[in-house]
2 protein chains.
Amino acid sequence: MMEAKQAAERLLQADNILVISHASPDGDTLGSASALMRGLLQKGKRVRFACSDPVPDKFGYLFGGIPAQNFVPDFVCAVDLAGPQLFGKNMQEWANRVDLCIDHHGTNTAYARETLVDPCAAAACEVIYEVLGKMGVTITPEIADCLFTGLTTDTGCFQYSSVTPRTHRLAAELMENGARAAEINRQMFEMKSRARLEIERRALASMRFFCGGKGAVMIIRNRDMEQAGAEEPDLDGLPALPRQIEGVLAGVCVKEKPDGTIKVSLRTHSPLDAAEICSCFGGGGHKAAAGCSFSGISPQEAADRLEKEITRRLEETV
Amino acid sequence: MMEAKQAAERLLQADNILVISHASPDGDTLGSASALMRGLLQKGKRVRFACSDPVPDKFGYLFGGIPAQNFVPDFVCAVDLAGPQLFGKNMQEWANRVDLCIDHHGTNTAYARETLVDPCAAAACEVIYEVLGKMGVTITPEIADCLFTGLTTDTGCFQYSSVTPRTHRLAAELMENGARAAEINRQMFEMKSRARLEIERRALASMRFFCGGKGAVMIIRNRDMEQAGAEEPDLDGLPALPRQIEGVLAGVCVKEKPDGTIKVSLRTHSPLDAAEICSCFGGGGHKAAAGCSFSGISPQEAADRLEKEITRRLEETV
């Protein structure tokens, strides 16, 4: 098991460092990458960033002022990147050439030459903060912004069960080092794109309840996506909505894909087991959140199949 | 200016203490009251709670295990209660008989005999925590739950600009003292009542944009409230929705009241001044959030008047 101190030493020994974020990048992988790059620049290193997908506009500020440098890397560091498949299709070449991976996923496959993983960290940025400390990096307001972005986005604004006292204490320190906490939270959680609003109101309008309100199902069709002008990232968090309604034990989100296949997300509360239910349809996942796919049937038919299976189990157990 | 230490002394000198929360009680006034009462019980005092309105079901756990005692108080303490009008209609008798007020509103009118107010505190619970410390109270898991509830509800789960490093540090300490942080956050922020869902989807369905998306208006009619089975508390936060849409500088929420009057909430971003716009209709408020009322016209007519005034200003200034 590697320590933050050793990870810091490896980075300090290198000169031309490539930092890689996971595909479909979120605030934590991008906050981790940008904070690490700023720290490395402070230590006189040359840095380059790579990611299979473009950085979403709303995270653009993380990379402001980081020079675009071109070089052949002598060291490759992946951040918040738990397994080779998460490199994405444009970055597969790097998946087996990573010198150091800094992560917080207990499921990390240890694909890198060396791995620093802290599964107790609510965000990879918590681990990056430790490494920056061991590197002797000064936490500038810019670095504080990057780390705070990772902390707050990966915890749903300090809401989830992954948050520990350490998470809150780090938030406090980053604020003292100049993180624009309220402004970042506003941009991440308050602002909604017009496309998001449109797809959300269509999804909410489609919501139906069954089993006396213990089940809820929502359908998002291709034509909804088109009419809303929505893309996949606009759906972030939507599948969680049905189970958020009081009394709902099983929340289903049925999503039609452009190729006509159907993707189902299921969220449950105890005693229902989402993974068990989805396994009836060849899917899987966790006890509280699982998924499965269908092809050759309509979204409504997929919704009906889930409803039938959930109803059967609710009648048996609740 | 009173210090926490003096407030603690006053409380320790009393024996039969009445603790009062503000009308339409929220998580902070109730978390403050219940934490203070638990601390006083620990110190051998007798305590009684009073509030003009009933404690909402979702806050019931705050008072679990606190004995219902009946006595004539020798000391009256108001918490999170900034002025006499906030005592509510059933508690007016107490408004001029308060010995000590513990609060975090800079607007506190100093109606009590003595007042401990810290306007830098994000929640009254931050101030209560200081007082409990000076009283020598041990922070039990129950007290930690009460204080955490106030912290998280008054800051929108640590989202608002009122949050300081001290707020995050206190959250960390309360977690270490046994606060069920994730569970409380889930109950406060994730769960939605069925009525709330229904009124939200009706409100979203009504949303219209004008001025190329710089203005947005939402109408909530009495028949929407009836069909949704919604009450006033179910509307919490809804008027903020229109301005949360990307590009919207003026978000209007038009709410029809049972008596037929129309209440308008306006939220703006710079350069629009919500208070100025509402003052055209006899209303007022702050730069970013203001309101006004109409009677004798339809909700649509009220929406049209706001739209016209906002359009005029947008054409002038943006």
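Residues numbered from 1 in each chain as written. Chains lettered and ligands numbered in written order. Predicted model: local features only at pLDDT ≥ 70, side-chain atom pairs only at ≥ 80, totals over all residues. Heavy atoms only, no water.

1. Quick notes on the overall build of chain A
Inference 1: On a plain count of helices and strands, chain A comes out with 11 helices and 11 strands.
Inference 2: Relative to the 2.2 N^0.38 estimate, which gives 20 Å for 318 residues, the radius of gyration of chain A is 21 Å and therefore close to what a compact globule would have.
Inference 3: With respect to the principal axes defined by its C-alpha atoms, chain A has extents near 60 × 40 × 40 Å.
Inference 4: Here chain A holds 318 residues, and 58% of them are scored as buried.
Inference 5: Once local pairs closer than 6 in sequence are excluded, the contacts in chain A between residues at least 24 apart make up 64%.
Inference 6: Carbon and sulfur atoms form 49% of the exposed surface of chain A, whose accessible area is close to 13,200 Å².
Inference 7: One finds the centroid of the 35 positive side-chain charges in chain A at a distance of 1 Å from the centroid of its 42 negative side-chain charges. (Helix = DSSP H or I, 4+ residues; strand = E, 2+ residues; numbered from the N terminus. Rg over C-alpha atoms; globule rule 2.2 N^0.38 Å. Buried < 20%, exposed > 50% of the residue type's maximum accessible area, 1.4 Å probe, protein only. Contact = heavy atoms within 4.5 Å. Areas by Shrake-Rupley, 256 points an atom, 1.4 Å probe, with all protein chains shown as cover. Lys, Arg positive; Asp, Glu negative; His and termini not counted. Charge placed at Lys NZ, Arg CZ, Asp CG, Glu CD.)

2. Re the packing of helix H4 (residues 141-154) of chain B against helix H5 (residues 165-176) of chain B
Residue and element names in this part refer to chain B.
Inference 1: As a packed pair, H4 and H5 sit with axes 9 Å apart at the nearest point and diverge in direction by 150°. In terms of their interaxial angle, H4 and H5 are classed as roughly antiparallel. You can see that H4 and H5 cross each other, and the crossing is left-handed. Side by side, H4 and H5 meet where Ala144, Leu147, Phe148 and Leu151 of the first sit next to Thr167, Leu170, Ala171, Leu174 and Met175 of the second.
Inference 2: In the contact of H4 with H5, the residues fall into eight nonpolar, one polar and no charged. (Axes fitted to C-alpha atoms, helices over the stretch in contact; angles between N-to-C directions. Parallel < 35°, antiparallel > 145°, perpendicular 65-115°, else oblique. Left-handed = near helix turned anticlockwise from the far one by under 90°. Nonpolar A, V, L, I, M, F, W, Y, C, P; charged D, E, K, R; others polar.)

3. With respect to the confidence of the model for chain A
Inference 1: In the predicted model, chain A carries a mean pLDDT of 95, and the fraction of residues at 70 or more is 100%.
Inference 2: The ipTM value of the predicted complex is 0.87, and its pTM value is 0.88. (pLDDT = per-residue confidence, 0-100.)

4. A few points about the environment of Val217 of chain A
All names here are of chain A.
Inference 1: Relative to the helices and strands, Val217 resides in strand S7 (residues 215-220).
Inference 2: C-alpha separation for the pair Val217 and Leu306, spaced 89 residues apart in sequence, amounts to 8.9 Å.
Inference 3: Beyond its immediate chain neighbours, meaning those up to four positions away, Val217 contacts Ser206, Met207, Arg208, Phe210, Val252, Val254 and Ala303.

5. Describing the relation of the copies chain A and chain B
Inference 1: Mapping chain A onto chain B calls for a screw motion: a turn of 180° about the axis and a shift of 0.0 Å along it, with 0.4 Å RMSD after fitting. Read as a symmetry element, the transformation amounts to a two-fold axis.
Inference 2: The share of interface residues of chain A whose copies in chain B are also at the interface is 100%, consistent with both copies meeting through the same surface. (Least-squares fit on C-alpha atoms with pLDDT ≥ 70 in both.)

6. What about unusual backbone geometry?
Inference 1: Backbone torsion omega between Ser270 of chain A and Pro271 of chain A reads 10°, so that peptide bond is classified as cis.
Inference 2: As for its position among the elements, Pro271 of chain A is in the loop between strand S9 (262-268) and helix H10 (274-279).
Inference 3: With phi around 60°, Cys157 of chain B is a residue other than glycine that occupies positive phi space.
Inference 4: With respect to the helices, strands and loops of the structure, Cys157 of chain B is situated in the loop between H4 and H5.

7. Things to note about the pattern of salt bridges
All names here are of chain B.
Inference 1: This model, assessed by the stated rule, comprises 46 salt bridges over all chains.
Inference 2: A salt bridge links Glu232 to Lys257; the nearest nitrogen and oxygen atoms lie 3.7 Å apart. Here Glu232, found in the loop between helix H8 (222-228) and helix H9 (241-244), pairs with Lys257, found in the loop between strand S8 (250-256) and strand S9 (262-268); they are 25 residues apart in sequence, far enough to count as distant.
Inference 3: Here Glu232 falls in the partly exposed class, since its relative accessible area comes to 42%.
Inference 4: Residue Arg312 is joined to Glu316 by a salt bridge in which the shortest nitrogen-to-oxygen separation is 2.9 Å. With a gap of four residues between them, Arg312 and Glu316 both fall in helix H11 (residues 299-317), about one helical turn apart. (Salt bridge = Lys/Arg side-chain N within 4 Å of Asp/Glu carboxyl O.)

8. Quick word on the environment of Lys308 of chain A
Residues and elements named next belong to chain A.
Inference 1: Among the secondary structure elements, Lys308 is positioned in helix H11 (residues 299-317).
Inference 2: Taking the relative accessible area as the measure of exposure, Lys308 reaches 67% and is therefore exposed.
Inference 3: Counting along the chain gives 98 residues from Lys308 to Phe210, while the straight-line C-alpha distance between them is 9.8 Å.

9. Quick look at the side chain of Asn108 of chain B
Inference 1: Counting through the fold element by element, Asn108 of chain B comes out in the loop between strand S4 (100-103) and strand S5 (114-117).
Inference 2: At 2.8 Å, the side chain of Asn108 of chain B forms a polar contact with the side chain of Asp103 of chain B. (Polar contact = N/O pair within 3.5 Å; in protein donor to acceptor, adjacent residues only side chain to side chain.)

10. With respect to the nonpolar core
Inference 1: Membership of the largest hydrophobic core comes to 106 residues, with the highest contact counts inside it found for Leu11, Leu132 and Leu147 of chain A together with Leu11, Leu132 and Leu147 of chain B.
Inference 2: Beyond its immediate stretch of four places on either side in the chain, Leu132 of chain A contacts Ala35, Leu36, Gly39, Val137, Ile139, Ile143 and Leu147 of chain A.
Inference 3: With 38 residues, the next largest nonpolar core counts Leu197 of chain A together with Leu204, Ala216 and Leu238 of chain B among its residues. (Core = buried A, V, L, I, M, F, W, Y, C linked by side-chain atoms within 4.5 Å.)

11. Considerations on the packing of aromatic side chains
Inference 1: Per the counting criterion, the structure on display carries nine aromatic pairs over all chains.
Inference 2: Relative to Phe158 of chain B, the ring of Phe158 of chain A lies with its centre 6.5 Å away and its plane at 75°, an arrangement referred to as edge-to-face. Of the two residues, Phe158 of chain A is situated in the loop between helix H4 (141-154) and helix H5 (165-176) and Phe158 of chain B in the loop between H4 and H5; the pairing between them involves two chains.
Inference 3: Taking relative accessible area as the criterion, Phe158 of chain B reaches 1% and is therefore assigned buried.
Inference 4: These aromatic residues form a ring-pair network of at least three members: Phe148 and Phe158 of chain A together with Phe148 and Phe158 of chain B.
Inference 5: We note Arg194 of chain A situated over the ring of Phe209 of chain B; from NZ or CZ to the ring centre the distance is 3.4 Å.
Inference 6: In this structure, Arg48 of chain B is placed above the aromatic ring of Phe71 of chain B, and the distance from its NZ or CZ to the ring centre is 5.9 Å. (Phe/Tyr/Trp six-rings, centres within 6.5 Å; stacked < 30°, edge-to-face > 60°. Lys NZ or Arg CZ within 6 Å of the ring centre and 35° of its normal.)

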